[in-house]
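Results of the structural survey
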Amino acid sequence: MTDRKPYFTLLLVGVLALFVLTACGGSEEEATPTPTKTPVPAQVESAPAPTDTPVPPAAAQPAAPAVVVQPVYGTINATELNVRSGPGTTFDILRAATQGQRFEIVALSDDGQWAQLGENGAAIGWTSLEFLIVEGDLAALKGGAPVASQSTANNQPAAATTAPTASGTFLNASMTSPDFGGQAFLWWREEVAHRDLELMKDAGFRWVKQAFAWETIEGAGKGQYDWSIADRVVQQANESGLKLLARLSSDPDKTNFWAGHPPGNAANFADFAAALASRYNCAPGAVGCIQAYQIWNEPNLAREWGNNRPNPAEYVNFLGQAYTAIKRANPNAVVINAGMAPTGDDSAIAMPDDKFYDQMYQAMGGNSTGYFDALGVHGAGFAAPPELDPATAAADQKYGGYRFFAFRHVEDIRAIMVRYGDTNKKVVVLEFGWTYDPVNPSYKWHGADAGIDEFVQSEYLKRAYEYAAANWQPWIGLMSLLTMPNLDWMNDGNPQDEEQYWWAIMEPSQVNEQHFRRAYVLLCIYFNGQNGQRCKYDPN
């Protein structure tokens, strides 16, 4: 099988012990800055402008020669640009547009300073003309209509509507700050995938993360694609009303895959990514839509990098090739680098995540343009509550004795972005969570032995989203938690010996059953509450 198989390895170093999290390795069986108070712009799906009132026909006049009006287009010339409900900064923010996106300009404000943008025949909002590269004649464009708006309170996640936008019938790739997502296991059982997607939608998730293992699609040889399962998974996700984050990687333990392992497989991997992004490019008439891509998994571990010493420059080359391939197929897709394993080991088998990120920026010449649209991180909380300062985790052995044992280690990675001036891009937490494992020795020290049970886990997950909303806006994007359950955990009759079982927010169950854990219900109440709605599973 295959939908994440995370695993954690403890390495003893130094005087006593240094714990190394080698989380979430494996194949497509994947499960598992300084804080600011800046309010987040509301990023909602685009709403069509009100239609103009029809004008009664006048008395017949001699026919005048037809006037052909050529369309005018504008390309975004800023890293991220707010699209507002009216022509001015006092109007509500509807969404954000990113550099290189191209829209039709359908109207100008009376003062000529603001342009109304159109997409797929509908007006989507207004943005400042000075940040557009204009193609065509603006002379005839004046006086557009306002666009329906939605206000957003400070330090609350921006709400998203469910109306299809961006690419015809597909949702666009915008992210609120923070946005709500989770890992699911959609690959092998269609009926379970359908149920779990509905449960995620009911709970208020807006993104689902699914691994697309290279060898399960192009396993027979170069260019020999089997799209049968991938088509079904993408279409189910699209029909559910959730946005899809695809993790592209391969099983590091597979020895007979024709493409081999990184870094030598970079060109073949880019071709695979191009084929996937072309097939699911979100255009009208496409087979389906993948809104975002994660490129590989934890390359700061030798086992994920062809058993070679982790090499940030090699990964940057690998990432850049995939980025170019995906963007050529779908310029609006969000490309995210791999999350790194939090580790303190610096050897032939691992590299600390902060060192790896720093050397990535050095290899990129300090400029991430052409490599990723958002920076991916991993943020397991281990034994610490989500609010704990990483300095406390480093000073207190009960938390592990290193900064990376705190959820807020994400801030350390954000600080690297800031140091290199990469402040306009968001951070995406590709996986995070807390286990309450009482069984597996590599996990129970920061699970049951640390006092974490099902109730503490649920509170920590909710508080992580609350902390991000209060302290990480506007730079935090999607936060994808671990995890919806996998029915395969029950294959041997005892799911409790599977470490992933203890991270999950629900019990694994047959398709006609629902066994909620407290984490699912509490998050359902919290997520729905952000949109003024009620969780249908709230027992109160």
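Throughout what follows, the structure given in this document is the object of discussion.

The rules behind these values
- Residues numbered from 1 in each chain as written.
- Predicted model: local features only at pLDDT ≥ 70, side-chain atom pairs only at ≥ 80, totals over all residues.
- Heavy atoms only, no water.
- Helix = DSSP H or I, 4+ residues; strand = E, 2+ residues; numbered from the N terminus.
- Expected span 1.5 Å × (residues − 1).
- Buried < 20%, exposed > 50% of the residue type's maximum accessible area, 1.4 Å probe, protein only.
- Contact = heavy atoms within 4.5 Å.
- Disulfide = S-S within 2.5 Å.
- Phe/Tyr/Trp six-rings, centres within 6.5 Å; stacked < 30°, edge-to-face > 60°.
- Lys NZ or Arg CZ within 6 Å of the ring centre and 35° of its normal.
- Axes fitted to C-alpha atoms, helices over the stretch in contact; angles between N-to-C directions.
- Parallel < 35°, antiparallel > 145°, perpendicular 65-115°, else oblique.
- Left-handed = near helix turned anticlockwise from the far one by under 90°.
- Nonpolar A, V, L, I, M, F, W, Y, C, P; charged D, E, K, R; others polar.
- Salt bridge = Lys/Arg side-chain N within 4 Å of Asp/Glu carboxyl O.

Right, let's talk about helix H1 (residues 190-203) for a bit. Spanning 14 residues, H1 covers 20 Å between terminal C-alpha atoms, matching the ideal 20 Å at 1.5 Å per step. All buried positions along H1 are accounted for by Val192, Ala193, Arg195, Asp196, Leu197, Leu199, Met200 and Ala203. Looking at the buried residues of H1, the elements they touch are strand E10 (179-183), strand E11 (207-213), helix H3 (228-240) and helix H11 (518-530). Positioned one or two residues after H1, glycine 204 has a phi angle of 100°, which is positive.

Scanning all chains against the criterion turns up two disulfides. Covalently, cysteine 282 is tied to cysteine 289 through a disulfide, its sulfur atoms 2.1 Å apart. Taking the torsion about the sulfur-sulfur bond, which here is approximately 80°, the covalent link between cysteine 282 and cysteine 289 counts as right-handed. Shown here is the disulfide that connects cysteine 524 with cysteine 535, its sulfur atoms set 2.0 Å apart. Its S-S torsion of approximately 105° makes the covalent link between cysteine 524 and cysteine 535 right-handed. Of the two residues, cysteine 524 is situated in helix H11 and cysteine 535 in the segment after H11; the sequence distance between them amounts to 11 residues. Each member of the pair, cysteine 524 as well as cysteine 535, carries the same accessibility label: buried. Across the protein chain, the disulfide pattern expressed with sequentially numbered bonded cysteines is 1-2, 3-4.

Glancing now at the packing of aromatic side chains. For the coordinates displayed, the defined rule picks out 43 aromatic pairs. Seen from their ring centres, phenylalanine 407 and phenylalanine 432 are 5.6 Å apart, and the 45° between their planes marks the pair as tilted. Here phenylalanine 407, found in the loop between helix H7 (390-395) and helix H8 (409-419), pairs with phenylalanine 432, found in strand E16 (residues 427-432); they are 25 residues apart in sequence, far enough to count as distant. Exposure class is identical for phenylalanine 407 and phenylalanine 432. Each is buried. Across from the ring centre of phenylalanine 372, 5.1 Å away, lies the NZ or CZ of lysine 425, which sits over that ring. Sitting above the plane of the tyrosine 501 ring, arginine 517 keeps its charged end 4.4 Å from the centroid.

Turning next to the packing of helix H10 (residues 454-471) against H11. Direction vectors running N to C along H10 and H11 enclose 25°, while the axes themselves pass 8 Å from each other. Relative to H11, the element H10 lies roughly parallel. Classified by chirality, the crossing of H11 by H10 is right-handed. Across the interface between the two elements, Glu454, Phe455, Gln457, Ser458, Glu459, Leu461, Lys462, Tyr465 and Glu466 from H10 touch Arg518, Ala519, Leu522, Leu523, Tyr526 and Phe527 from H11. Split by residue class, the contact of H10 with H11 holds eight nonpolar, two polar and five charged.

Here we take up the pattern of salt bridges. Considering all chains together, one arrives at 20 salt bridges under this definition. Between arginine 102 and glutamate 135 there is a salt bridge, with the nearest N and O atoms lying 3.1 Å from each other. Of this pair, arginine 102 sits in strand E6 (residues 102-108) while glutamate 135 sits in strand E9 (residues 132-135); the two residues are 33 residues apart in sequence, bridging distant segments of the chain. Residue classification places arginine 102 among the partly exposed residues on the basis of a relative accessible area of 48%. Classification of glutamate 135 by relative accessible area gives partly exposed; the value is 33%. When the shortest N-O distance is used, the salt bridge between aspartate 488 and arginine 189 registers 2.6 Å. Of this pair, aspartate 488 sits in the loop between strand E17 (476-481) and H11 while arginine 189 sits in the loop between E10 and H1, and the two are 299 residues apart along the sequence. You can call aspartate 488 buried: its relative accessible area is 18%. Each of Asp253, Arg303 and Glu304 takes part in a single network of salt bridges with overlapping partners.

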